[in-house]
Amino acid sequence: MSEAATEVIPLAQPVLGPEEEAAVIEVLRSGQLSLGPRVPAFEDAFAAWLGAEHACAVSSGTAGLHLALRAVGVSEGDEVVTSPFSFVASANAVLFERARPVFADIDARTLNLDPAAAGAAVTARTSALLPVHIFGYPADLPTFEGMGLPIVEDACEALGAVHGDGVRVGARGHPAAFGFYANKQLTTGEGGMVTVADAAVKERIDSERNQGRAPDMGWLDHDRLGFNYRLTDIACALGHAQLARLDGMLADRARVAGCYREALAGVEGLGLPCDDAGGDRRGWFVFVVQLPHGVERDPAIRALRELGVQSKPYLPAIHLMSFYRERFGHHEGEFPVCEDVAARSIALPFFSEMTEGQVAEVAEGLIAVLEGP
Ligand SMILES: Cc1ncc(COP(=O)(O)O)c(C=O)c1O
């Protein structure tokens with residue numbers, strides 16, 4: 001534990017090969033870098049892979065969430081019930097429409113929005129539910145569906161996840177936003193996709209991502225408010241090329257997770273990602289552990305760094321971020337399960353090409369740090 005390591009195992013590492021390179025070069029040579037044929041080609045292939053009716057490519061997961069919320073009718077003064085244990089974008093997207101994110105506590109096993117807590121947070125002003133499939137584990141959509149409210153799914157971390165009834169996450173018909181940032185299962189550098197069931201909803205999202213221009217309108221003709229949330233043809237080609245080997249990349253991630261699980265099994269007090277249950281299957285995105293109670297997280301992260309292992313706190317509770325505290329008066333103690341998990345969680349290095357040796361190095365490092373000097 002004493003010697004500072006020279007080679008650091010990174011948190012994430014995208015795997016891009018010759019197929020991606022060739023696909024991008026082809027777009028560059030085609031001269032059509034945006035609003036070209038690679039956009040619908042990627043959308044169709046993504047929807048087909050997922051089993052969704054339609055898909056709309058967008059510039060980020062956040063943009064996708066924003067357009068999905070608009071598509072289900074969320075507007076000023078509404079409330080949207082969502083998870084405080086998420087990346088901040090899921091709550092921010094609600095604020096973009098001057099609606100209010102209403103948080104409810106999470107389930108201690110899955111770390112997803114707890115349906116009972118969410119149900120208790122519903123009021124007459126609630127216009128939608130926004131469950132997040134955190135760390136790629138399917139949120140309990142069948143129960144949320146029983147609540148009779150429009151649903152938007154934050155599936156940004158959940159590509160490859162499957163619900164107990166066999167439906168892939170994002171293919172249930174509710175608008176679901178995926179993210180393609182560089183650490184994601186599939187990446188376009190920045191980018192995202194919204195899957196939807198209805199052709200009219202696809203048309204609306206396609207229009208709103210493109211400054212409010214309908215497909216049959218002329219250039220600089222706009223019949224509604226829109227945004228520039230387009231994804232370039234370069235990015236779409238990059239994503240499309242990865243789709244062809246997505247199953248393999250997901251299997252590799254699951255293999256790495258299995259190695260971690262074995263290497264860390266039985267470490268006293270350490271919380272591991274929950275096992276799949278009830279037919280739900282995680283789409284592996286990150287490997288996040290909760291440090292045993294009483295272990296100080298920042299020193300542990302520094303000690304891991306000295307051993308050549310990158311790690312980071314992941315995720316902080318949204319309601320305790322300064323902006324949310326100041327704007328809405330949130331405070332500690334509101335969502336005890338989320339706060340306990342958020343205070344102890346760290347993400348360990350995790351990517352599809354991680355070797356067993358690297359996993360062992362991280363696990364040994366973590367165990368040594370937990371045992372102390
Ligand atoms: C749960 C969750 N929601 C939303 C987002 C936002 O996605 P993007 O960074 O593509 O805007 C992310 C991305 O990290 C995420 O993890």
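Residues numbered from 1 in each chain as written. Predicted model: local features only at pLDDT ≥ 70, side-chain atom pairs only at ≥ 80, totals over all residues. Heavy atoms only, no water.

Draft legend 1. Region of interest: the packing of aromatic side chains. In the structure shown here, the tally under the stated rule is 15 aromatic pairs. With a centroid separation of 5.6 Å and 25° between ring planes, the pair formed by Phe135 and Tyr314 is classed as stacked. One end of the pair, Phe135, is in the loop between β4 (126-130) and α6 (141-145); the other, Tyr314, is in the loop between β9 (312-313) and α11 (322-328), with 179 residues separating them in the sequence. Relative to Phe350, the ring of Trp284 lies with its centre 6.0 Å away and its plane at 50°, an arrangement referred to as tilted. Pair noted here: Trp284 is in the loop between α9 (246-264) and β8 (287-290) and Phe350 is in the loop between β10 (345-348) and α13 (356-371), with a separation of 66 residues, a long-range link. Relative accessible area serves as the criterion here: at 10%, Trp284 is assigned to the buried category. Classification of Phe350 as buried rests on a relative accessible area of 3%. The lysine or arginine in question, Arg168, covers the ring of Trp49, its NZ or CZ lying 3.8 Å from the ring centre. A cation over an aromatic ring shows up here: Arg282 above the ring of Trp284, its NZ or CZ 4.8 Å from the ring centre. (Phe/Tyr/Trp six-rings, centres within 6.5 Å; stacked < 30°, edge-to-face > 60°. Helix = DSSP H or I, 4+ residues; strand = E, 2+ residues; numbered from the N terminus. Buried < 20%, exposed > 50% of the residue type's maximum accessible area, 1.4 Å probe, protein only. Lys NZ or Arg CZ within 6 Å of the ring centre and 35° of its normal.)

Draft legend 2. Examining the site of the ligand more closely. Looking at the ligand, there are 13 residues lining it, with Gly61, Thr62, Asp154, Glu157 and Lys184 nearest. A distance of 2.4 Å separates an oxygen atom of the ligand from a polar side-chain atom of Thr62. The contact in question runs from a nitrogen atom of the ligand to an N or O atom on the side chain of Asp154, over 2.6 Å. Coverage of the ligand by the protein amounts to 92% of the 390 Å² it exposes when considered alone. Put simply, the ligand lies in the largest pocket. Residue contributions to the shell around the ligand peak at three residues, all from helix α3 (residues 61-71). (Near = heavy atom within 4 Å. Polar contact = N/O pair within 3.5 Å; in protein donor to acceptor, adjacent residues only side chain to side chain. Areas by Shrake-Rupley, 256 points an atom, 1.4 Å probe, with all protein chains shown as cover. 1 Å grid on protein atoms, 1.4 Å probe; cavity = no way out; pocket = protein on both sides within 12 Å on 5 of 7 lines; lining within 4 Å. Sits in = over half its atoms within 2 Å of the grid points.)

Draft legend 3. Structural detail: the packing of α3 against helix α7 (residues 199-209). Running from N to C, α3 and α7 cross one another at 130°; their axes reach a closest spacing of 10 Å. Taken as axis vectors, α3 and α7 run oblique relative to one another. As for the relative orientation of α3 and α7, their crossing is right-handed in sense. Taking contact as the criterion, the partners of Leu67, Arg70 and Ala71 in α3 are, on α7, Val201, Arg204, Ile205, Glu208 and Arg209. Split by residue class, the contact of α3 with α7 holds four nonpolar, no polar and four charged. (Axes fitted to C-alpha atoms, helices over the stretch in contact; angles between N-to-C directions. Parallel < 35°, antiparallel > 145°, perpendicular 65-115°, else oblique. Left-handed = near helix turned anticlockwise from the far one by under 90°. Contact = heavy atoms within 4.5 Å. Nonpolar A, V, L, I, M, F, W, Y, C, P; charged D, E, K, R; others polar.)

Draft legend 4. Just empty space enclosed by the protein, in detail. Enumeration over the complete set of coordinates arrives at one cavity of 30 Å³ or more. Its volume calculated, the largest cavity comes out at about 110 Å³. Lining the largest cavity are 16 residues, and of these Gln13, Pro14, Val15, Lys184 and Arg253 lie nearest its centre. Here the lining of the largest cavity is built from residues that sort into eight nonpolar, six polar and two charged. (Points joined across faces, edges and corners; volume = space filled by probe spheres on them.)

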